[in-house]
Structure formats: structure tokens, C-alpha cells
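# Coordinates in review
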Amino acid sequence: MYYGWIHGYYAIDASRDAAQSATEAGSAARRAENALARLEDALDRQGLIIRTLLTACEKSGLFNEAGFRELMNEIDLSDGRLDGKYKPQATPQSCPNCGKTNGKRAVSCMYCGVQLETRDIM
Ligand SMILES: [Zn+2]
């Protein structure tokens, strides 16, 4: 009888812990989904800006595609690696709202969601 009660107590306690963990996991998943949606929006916006810029430059006769690719490779190499990416060195950023440290490439705080800085358009 005594052991039965203890067993029941722990079962209820474990059940509450599991429910709490599930709630926290759900919240974390929603935060991750929101962060991903913001990232996708930012990428879509950057894609629009880049396409607009390229089209404007082509229409203005500033360059042709070969010249553009040559310049793109030059800029790609400026960070030390020809890898189809541009990743200049940057330092981790402190959030102006909560003070926590975010990754050097973060657009918004991963803890409170505040935008970290006025971003350049590129
Ligand atoms: Zn923050």
C-alpha cells in the first residue's frame, strides 16, 4: 500500500514533468518556426533587391553577365574563400533589449526577437 502510493506519486510527478516538457518543446518549436519565417522573409526581400539591382544595372548598360560573374568571384574571394558565399568577419552581437549575445550574423535576437541593428540593404 505504501509503495503503491509512492509509485502513484512518482507517476503523477513524471506525468506533470512530461507535460511541462511537451509544452516547453511546443513553445520552442513555435519560436523556431517564427524565426525561420522571418529568415525566409529576409531572404525573399534580399532576392528581390538583388534582382532589381541586377536588372537596373543591365538596363543601364553598366555590365553584362560575364562581367558581373567576374566581379562576383572577386568579391567572393575577398573573404578568403571562393565558395559562392560572402562571409566577412564579424563579432557576436549583444541584444539592445535583453543584453544576451547572439551570433555574428543574427538579424534579430534569438532570445527576445528584437531586431539587432539597422541592417544594410545587402
Ligand atoms: Zn534580446
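Tallying secondary structure elements over the protein gives 2 helices and 2 strands in all. In the protein, buried positions account for 1% of the 122 residues.

Below, the discussion takes up helix H2 (residues 65-77). Between its first and last C-alpha atoms H2 spans 18 Å; for 13 residues at 1.5 Å apiece the expected length is 18 Å, and the two agree. Across the 13 residues that make up H2, only a small minority, 0, are buried.

The residue Ile 75 is located in helix H2 in this model. As for Ile 75 and Tyr 86, which are separated by 11 residues in sequence, their C-alpha atoms are 7.2 Å apart.

Rules behind the numbers
- For every chain, the first residue of its written sequence is number 1, and the numbers climb from 1 along that sequence.
- Confidence filtering applies because this is a predicted model: local features only for residues at pLDDT of at least 70, side-chain atom pairs given and counted only at 80 or more, and all residues used for totals across whole chains, interfaces and linings.
- By the criteria applied, helices consist of DSSP H or I runs no shorter than four residues and strands consist of E runs no shorter than two, each listed in order from the N terminus.
- To sort residues by exposure, count the other C-beta atoms lying within 10 Å of each residue's C-beta; 20 or more gives buried, 12 or fewer gives exposed, and values between give partly exposed, all with C-beta atoms placed from the backbone.
- Here the expected length of a helix is defined as 1.5 Å per residue gap, with one fewer gap than residues.

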